Amino acid sequence: MPMVLLECDKDIPEREKHIYLKVDGEDTRDFLPISNAPTIPGTLSERGCAFCGAKLVIGGVLKDTIQMIHGPIGCAYDTWHTKRYPTDNGHFPLKYVWSTDMKESHIVFGGEKRLEKSINEAFDEMPDVKRMIVYTTCPTALIGDDIKAVTRKVMSERPDVDIFTVECPGFAGVSQSKGHHVLNIGWINEKVGGVEPKITSEYTINFIGDYNIQGDTWVLDQYWKALGIQVISHFTGNGTYDDLRCMHRAQLSVVNCARSAGYIANELKKQYGIPRLDIDSWGFNYMAEAIRKVCAFFGIEDRGEALIAEEYGKWKGKLDWYKERLQGAKMAIWTGGPRLWHWTKSVEDDLGVQVVAMSSKFGHQEDFEKVIARGQTGTYYIDDGNELEFFEIIDRVRPDVIFTGPRVGELVKKLHIPYINGHAYHNGPYMGFEGFVNLARDMYNAINNPLLKLAATDIRQDTTFYREAAE
Amino acid sequence: MGCEIITKKRQGIINPMYDCQPAGAQYAGIGVRDCIPLVHGGQGCSMFVRLLFAQHFKENFDIASTSLHEDSAVFGGHERIFEGVLTLARRYPHLRVIPLITTCSTEVIGDDIEGNITRCNEALAKEFPRRTIHVVPVHTPSFKSSQVGGYAVCMESIVKTIAREKVQPTGKLNLFPGWVNPGDVTLLKHYLSEMGIDGTVLMDTEDFDSPMLPDQSIHTHGRTTVEDIQGTAGALASVALARYEGAGAAEYLQEAFGVPAHVVATPYGIGNTDALLRKLSEITGKPIPASLVKERGVALDALQDLAHMFFADKRVAIFGHPDLVIGLAAFCLEVELKPALLLLGDDNSKYKRDPRIQALKAKADWDMEVVCNADLWELEKRATDPDYKIDMILGHSKGRYVAIDNNIPMVRVGFPTFDRAGVYRHPTMGYRGAMLLGEAIANAMFAHMEYNKDREWLLNTW
Amino acid sequence: MTTENLAGKAEQLYNYVQERCLWQFFSRTWDRQENIDGILHATGELLCGKQPPRHTPMEKLFYSDAVIMAADFRQRFPWIEAEQPSHIHELMQAVKEKVTEIAVTKSLNHELNHSLY
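In this text, all values refer to a predicted model and were calculated from it rather than measured experimentally.

## Points about the overall build of chain B
Scanning chain B from N- to C-terminus turns up 18 helices and 15 strands. Relative to the compact-globule value of 23 Å for 462 residues, chain B shows a C-alpha radius of gyration of 23 Å, a close match. The C-alpha extent of chain B, read off along each of the three principal axes, is 75 × 50 × 50 Å. Going through the 462 residues of chain B one by one, you find that 62% of them count as buried. A fraction of 75% describes how many contacts in chain B between residues 6 or more apart in sequence connect residues 24 or more apart. With the model as given, the accessible surface of chain B reaches about 16,600 Å², and the carbon-plus-sulfur share is 50%. If the 47 positive side-chain charges of chain B are averaged to one point and the 57 negative ones to another, these points end up 1 Å apart.

Rendered as structure tokens:
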């Protein structure tokens, strides 16, 4: 009975198809959780919407682009100050959101004029910025505003600006995943090939599916630089709009997050013949492997080995210090999807940590194939987990630390379980060699937080602690 | 010299001050005990609001979604409502209230909320004959008003739905504080207690600041019960502290059950707090006790050290909820700060005519602007203008970069204040709130003097 | 090599692929099959001491995955050094069949055959 019906799900028995407990001798031919399927209303799912998958995850990262959200104010307000992706130009994308602030009259009479005015205002107010992405939202999609027509008009009147449109209302699809897809496919079809890059190296890549969370991109950029590889485009960490129009000129697409950005890598392969190389950027073993593969592609293996040796020299000792102390710790991962399969084996191999439960908000079955292939037996694999399920799973596996978002982190705090921000990190970056030491350090500090011991002490009953303190 | 009241000229918004209506409705909803709001819309409409509350309070709150997908956009979301309500009722056996909060999408689709609730109620009665679950219709299309209005709409609808009939006089006072922090609720309950008044706070959010306990139990929820809300219909009177956040519910209780409604100036600053206590005394006949005279004196004593030495003539920009901004402007005047720029962030046309704004305008003998329907770009443009001097910013965390980039000291106040620790725990209302705010302003100025080497030596002997 | 022996050794290699290789789980069957065939073939060549071609972009890609895998195979499964080229080809064929089965023909992934990405 490897698919699991939890006690809290007895009234929604279809949840059994989404929760898998891996046992010895089984693989994904036998069982694969249903995923990327509609959420049951009222379950307190963790999922967001398709709009945020496009704006907050991918488009909004660009450092030189106005994000014009055509809809009521909430969609802009809510996708602001929820991410940690700095940029080297003073964090432009973290500071601003733009909205057409749609009101009832625009719902009744159409919002296209409002959009046109808002676009022009935004360019007028920020005259140095020449690039924009316009997003539809639930109501503007429902009333059928033609945002493409509006942006064409503005571009004809303002020849120095370029605007991309994303028609992906929040109700599209079943999660943020739909928004990733719409943005990827729209971009390849409408914008890639629009600009020719200046080629400065004989080795060129697109680095796809990394959003510079706490500086991840910058860690990896050091490696590309050391290897003499030119990154034509970053999709989209610390990236620019025009760099992404040059994606067709890279020799290789190196993909980290295959969930949010695999589509564009696939299309680059189909349309431009650029091969796609999927890598894991979290973990020593994985990062070294990734560097080796990229270097083997270009025939610069020696440079790769020199870089790996140097990085191991700098960081491996520090990692091992934590590994010794984290050995056997139990970890749960409740994030979007790909981090489940990126992390489960790397924390095991590099840190001796056992991942005992994983939940994915928006992963597809492909993600579950990956994570079940990599993950351990005795571990729970959950699609679209909800709050009551989390409580029950915690009771079953009692993790020492949970990698998840801040809100769930606040919840599990009451259960005396520390959390690490699995989306935006505690004190990152977490990618690369240096980053994985940061991850190990944060995990070590979380698990050994002295407050957890104090919290577990009932001063009315348990006197052990005080005797210890007094002695 | 003088006060100008203007409206933002741009149509679009760059950096909003408020979230949309459903966000405010969700905040009112979580103040009720044994209650999980159900947001009828896309999943982002609740997921991000939950995150926002978690950022501000460093707590988790339960809010559900009907998870509107494409098929519902075409065929209507009736089944999603029905399934959502029933799923919540089945999986949460203690649940007693479900505010059903609409959003832009479901209002555009035109789902019949009242009809669906009737259908849910029939099913709930059949399946759970011993439970009464109040499903509250909350119409909050995001394209109207803002989180401020959404809070008011939900508050009013919860009271209307649950306080359906006249009850025996309770002798209690209904207190509608508006959208405030747990620290404010604690302070207001302390005032009621000091005056010997039995009160019902709507909503009692004191436990939004909740502990880590040895038994791992979780107590992060509203404290206002169904019985409390039913009892409001038999109250002695209602006092609403925020004109735009809950006064409508007090007015409803007056119309429906003859419970006298008093809308008072939001008690920010000494004078506004005085007025509140006098009003409470007048309604209940209970005297203001010496203990509160002392608290008032302690606050005055603290502020007196700051006002004419450090605060006088400093130009302050204030943004946030209208009742907060207007109240803080009054507080500023008491401590000799000059409220130079007030930003009110939605299209409510009543703000301009608010008697408190008009009173400020009448009083202003300094350069002052009130910007209605404002966004934070209005603040940023003025902060970057060398001729437009701003010495201090009072507002929530969404404006943090205006302060950071322009080297202006800022004190976090209002909602959300996620970039400072523990703000929600302390009152801003009342004497104590005025004192703490004054001290926070002073300390922000002092730190600013030190980091900028700007007469920091003044503090050598202070 | 006996059948039993072959199956046991292929299982070891297959387990490695499952645990480490993202390319077997690309989004669509044709991607997966292309990767499985290309990379496992190149790995077999390398293990037999041959250099697979590195002219086209896809050949370079297969090589870069294969060269890591071949090195890992040699390190983790020292017995592989002693295998005859014919055995290597048999082994790789067995691995290919098993990976194809799990990732393509018997995959429960509902999206595998969608025509669009």
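## Describing the interface of chain A and chain C
Taken together, the contact between chain A and chain C spans 42 residues of the former and 34 residues of the latter. When chain A packs against chain C, close to 3,400 Å² is buried across both sides, 53% of that on carbon and sulfur atoms. If you look at where chain A meets chain C, you find nine salt bridges. In this structure, Arg20 of chain C and Asp349 of chain A form a salt bridge, with 4.0 Å as the shortest nitrogen-oxygen distance. Here chain A is connected to chain C by 18 residue pairs in polar contact (both at pLDDT 80 or more). Mapped by element, the contributors of at least two residues to the side of chain A that touches chain C are α8 (177-190), α11 (258-272), β9 (276-278), α12 (284-298), α14 (338-351) and α15 (365-374) of chain A. The dominant element in the side of chain A that touches chain C, judged by the number of residues it contributes, is α12 of chain A, at seven residues.

## A short note on the domain arrangement of chain B
All names here are of chain B. As far as domains go, chain B holds domain 1 (2-14 + 290-458), domain 2 (21-145) and domain 3 (173-284). Distance between the C-alpha centres of domain 1 and domain 3: 25 Å. Across the contact, 36 residues belong to domain 1 and 30 residues belong to domain 3. Overall, the association of domain 1 and domain 3 removes approximately 2,700 Å² of surface from exposure, summing both partners, and the carbon and sulfur fraction of that is 59%. Looking at the side of domain 1 facing domain 3, the largest losses of area belong to Asp323, Met429 and Tyr431, adding up to 26% of the total buried there. In this assembly, domain 1 and domain 3 are joined by three salt bridges. Note that Arg296 is salt-bridged to Asp274, the shortest N-O span being 2.8 Å.

## Here's the deal with the sheet that holds strand β10 (residues 261-263) of chain B
All names here are of chain B. Strand order across the open sheet formed by four strands is β8-β7-β9-β10, with parallel pairing between neighbours. Of all the strands in the sheet, just β8 (199-201) and β10 have a single pairing partner and so form its edges. Strand-to-strand, the axes of this sheet are offset by a mean angle of 20°, without reference to chain direction. Judged from the three bridges that link them, strand β7 (residues 173-176) and β8 form a sheet pairing that is parallel. Residue pairing across strands places Leu173 opposite Gly199, the latter belonging to β8. Helix α10 (residues 247-257) rests against β7, β9 (237-240) and β10 of the sheet, and its axis sits at about 155° to β10.

## Here's the deal with the UniProt feature "domain: Nitrogenase/oxidoreductase component" (unreviewed entry) in chain B
Under the present numbering, the feature "domain: Nitrogenase/oxidoreductase component" (unreviewed entry) in UniProt falls on residues 20-445 of chain B. The annotated region residues 20-445 of chain B carries 46% helix and 13% strand content, and the separation between its end C-alpha atoms amounts to 33 Å.

## Considering the interface of chain B and chain A
Across the contact, 73 residues belong to chain B and 75 residues belong to chain A. Buried area between chain B and chain A, summed over both chains or domains, comes out near 6,400 Å², and the portion from carbon and sulfur atoms is 60%. Lys414 of chain A serves as the salt-bridge partner of Glu59 of chain B, at 2.8 Å between the closest nitrogen and oxygen. Between the two partners, chain B and chain A, sit 31 residue pairs in polar contact (both at pLDDT 80 or more). Counting residues per element, the side of chain B that touches chain A draws most heavily on helix α2 (residues 44-57) of chain B, which supplies nine residues. Here the side of chain B that touches chain A is composed, by residue class, of 34 nonpolar, 22 polar and 17 charged. Pairing analysis gives two bridges linking strand β3 (residues 98-99) of chain A to strand β2 (residues 13-14) of chain B, with the strands arranged antiparallel. Its bridge partner lying in β2 of chain B, Ser99 of chain A is registered against Ile13 of chain B.

## What to know about the packing of aromatic side chains
Enumeration over the complete set of coordinates arrives at 49 aromatic pairs over all chains. Judged by centre distance (4.9 Å) and plane angle (80°), the ring pair of Phe164 of chain A and Trp187 of chain A falls under edge-to-face. Residue Phe164 of chain A is located in strand β5 (residues 162-166), and its partner Trp187 of chain A is located in helix α8; the two are separated by 23 residues in the primary sequence. On the accessibility criterion, Trp187 of chain A (2% relative accessible area) is buried. With centroids separated by 4.8 Å and ring planes inclined at 85°, the aromatic side chains of Tyr244 of chain B and Tyr351 of chain B adopt a geometry described as edge-to-face. Pair noted here: Tyr244 of chain B is in the loop between β9 and α10 and Tyr351 of chain B is in the loop between β12 (338-344) and α15 (355-363), with a separation of 107 residues, a long-range link. The residues Tyr244 of chain B and Tyr351 of chain B share a single accessibility class, namely buried. Just above the ring of Trp341 of chain A sits the side chain of Lys370 of chain A; from NZ or CZ to the centre is 4.2 Å.

## Comments concerning the packing of α12 of chain A against helix α18 (residues 432-447) of chain A
The relative placement of two packed helices comes down to the angle between their axes together with the axis-to-axis distance. All names here are of chain A. Running from N to C, α12 and α18 cross one another at 170°; their axes reach a closest spacing of 9 Å. Between α12 and α18, the angle falls in the class roughly antiparallel. In contact with Phe284, Met287, Ala288 and Ile291 of α12, α18 contributes Gly432, Phe433, Phe436 and Val437. Class assignment of the residues belonging to the contact of α12 with α18 gives a composition of seven nonpolar, one polar and no charged.

Basis of the calculations
- Residues numbered from 1 in each chain as written.
- Chains lettered and ligands numbered in written order.
- Predicted model: local features only at pLDDT ≥ 70, side-chain atom pairs only at ≥ 80, totals over all residues.
- Heavy atoms only, no water.
- Helix = DSSP H or I, 4+ residues; strand = E, 2+ residues; numbered from the N terminus.
- Rg over C-alpha atoms; globule rule 2.2 N^0.38 Å.
- Buried < 20%, exposed > 50% of the residue type's maximum accessible area, 1.4 Å probe, protein only.
- Contact = heavy atoms within 4.5 Å.
- Areas by Shrake-Rupley, 256 points an atom, 1.4 Å probe, with all protein chains shown as cover.
- Lys, Arg positive; Asp, Glu negative; His and termini not counted.
- Charge placed at Lys NZ, Arg CZ, Asp CG, Glu CD.
- Buried area = accessible area lost by both parts, 1.4 Å probe.
- Salt bridge = Lys/Arg side-chain N within 4 Å of Asp/Glu carboxyl O.
- Polar contact = N/O pair within 3.5 Å; in protein donor to acceptor, adjacent residues only side chain to side chain.
- Domains from an automatic or database assignment.
- Pairing = 2+ DSSP bridges.
- Axes fitted to C-alpha atoms, helices over the stretch in contact; angles between N-to-C directions.
- UniProt positions renumbered as here; feature names shortened; annotations may be inferred.
- Nonpolar A, V, L, I, M, F, W, Y, C, P; charged D, E, K, R; others polar.
- Phe/Tyr/Trp six-rings, centres within 6.5 Å; stacked < 30°, edge-to-face > 60°.
- Lys NZ or Arg CZ within 6 Å of the ring centre and 35° of its normal.
- Parallel < 35°, antiparallel > 145°, perpendicular 65-115°, else oblique.

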